[in-house]
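Single-letter residue listing:
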Amino acid sequence: MLFAYEMFDDAKYLAEAKKGLNLYQSFSKNPWYEIPSGAMACLAAARLSVRDPQIDVHKIVSFALEADGHPMQTGDWGGKEVNGLMAGFSTEPAGEAYSMESLVTLPYLLPMLRYRPEFAADIGRYLLNTAANMRLFYSDCIPRESQSRPDLTSAIPYERLTKELNGKSPYASGDYGSHRSIYGGAYALWWGELVKPTEDPYILQMNLSRSDFLCAKAFSSYLYYNPWGESKQVTLALESGSFDLYDLSEHAFIAERKSGRVPVKIPANSSRVIVIVPASARRRVENGSLLCDGVPVDYQAQAK
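Treat the numbers as computed from the prediction; the structure is a model and nothing was measured.

(A) Quick peek at the sheet that holds strand β3 (residues 96-98). Reading across the sheet, the three strands line up as β3-β4-β5 and stay open at both edges, with antiparallel pairing between neighbours. Looking at which strands have only one partner, the edges of the open sheet turn out to be β3 and β5 (171-173). Across the sheet, the mean angle separating the axes of adjacent strands is 25 degrees when strand polarity is ignored. Taken together, the three bridges between β3 and strand β4 (residues 160-162) define a ladder with antiparallel strand orientation. Within the sheet, the bridge partner assigned to Ala97 lies in β4 and is Leu161.

(B) Main features of the side chain of Arg160. Along the chain, Arg160 falls in strand β4. Here Arg160 falls in the buried class, since its relative accessible area comes to 17%. There is a polar contact of 2.5 Å between the side chain of Arg160 and the side chain of Asp175. Residues contacting Arg160, with those up to four places away along its chain left out, are Glu96, Ala97, Tyr98, Phe137, Tyr171, Ala172, Ser173, Gly174 and Asp175.

(C) View of the pattern of salt bridges. For the structure on display, the rule yields 14 salt bridges. Across the pair Glu96 and Arg160 runs a salt bridge whose closest N-O atoms are separated by 3.6 Å. One end of the pair, Glu96, is in strand β3; the other, Arg160, is in strand β4, and 64 residues separate them in sequence. For the residue pair Glu96 and Arg160, the accessibility class agrees, reading buried in each case. Here Arg210 ties to Glu193 by a salt bridge, and the two come within 3.0 Å at their closest N and O atoms. With Arg210 in the loop between β7 (204-207) and β8 (221-226) and Glu193 in helix α9 (residues 187-194), this residue pair connects regions lying 17 residues apart in the sequence. A relative accessible area of 43% places Glu193 in the partly exposed class. Several salt bridges share partner residues, and in doing so they unite Asp244, Glu256, Arg257 and Arg282 into one network.

Cut-offs applied
- Residues numbered from 1 in each chain as written.
- Predicted model: local features only at pLDDT ≥ 70, side-chain atom pairs only at ≥ 80, totals over all residues.
- Heavy atoms only, no water.
- Pairing = 2+ DSSP bridges.
- Helix = DSSP H or I, 4+ residues; strand = E, 2+ residues; numbered from the N terminus.
- Axes fitted to C-alpha atoms, helices over the stretch in contact; angles between N-to-C directions.
- Buried < 20%, exposed > 50% of the residue type's maximum accessible area, 1.4 Å probe, protein only.
- Polar contact = N/O pair within 3.5 Å; in protein donor to acceptor, adjacent residues only side chain to side chain.
- Contact = heavy atoms within 4.5 Å.
- Salt bridge = Lys/Arg side-chain N within 4 Å of Asp/Glu carboxyl O.

Structure follows, in structure tokens:
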């Protein structure tokens, strides 16, 4: 409904979106059935909360990232960390994770940080864990005896990971004899476009703007999460031209008239949301202009 409102500017769709999100956040227990719905609700809630402070973004995000398999798995199975992997359905037994559900959350959680950057460290930590532990779905990353069809290509992930099966933990297989998941594994291509490496293998560059389907045009924006106990520096490669770097969490410019490769410092155990603003657009941003049509840079002031 929010997407319909953004497309057609008809107030009835906005009213329906608000009604739906308010009903959703009124549940005392997680009402999710499958995580894609919960992930999309996070983006809708974040964007709508810019104009409606009654939207409880924290609760809606907590539904999507609720731990202990409801839906997010935590801890380890057979000595292998499974933090960040997602259960398939709310009605299935405990101790299950699925490749599609684990991959599909990324394109919806990342762009919400353009509107609510205070969640950056939590989401950055979650996505780093998911990126590391997704390997357990791929046949070349787990023992042959811990998977149902090790003879099949390692390019396509298994559909399901079970905490323990056939005396092995964890065990990779699939539903209904399918073993591998083409429809779920395809989301790895999304990850390849949205997540890029930096000089530090544990600090990723995560693109916040490319999958923001609620915004037709936006400045390029990136999330960096630093899991280390000390500050780290990574390099941001800019296109040709002159750019200013804007820290969305601090609501301040941190670098001016830059081009080429620019160093960015990430605080210890924290994150930064960096927006690349063409130098020609700086004055518009300083005057409270828009990062996206309808959404001001200073979202906090607008919400208040």
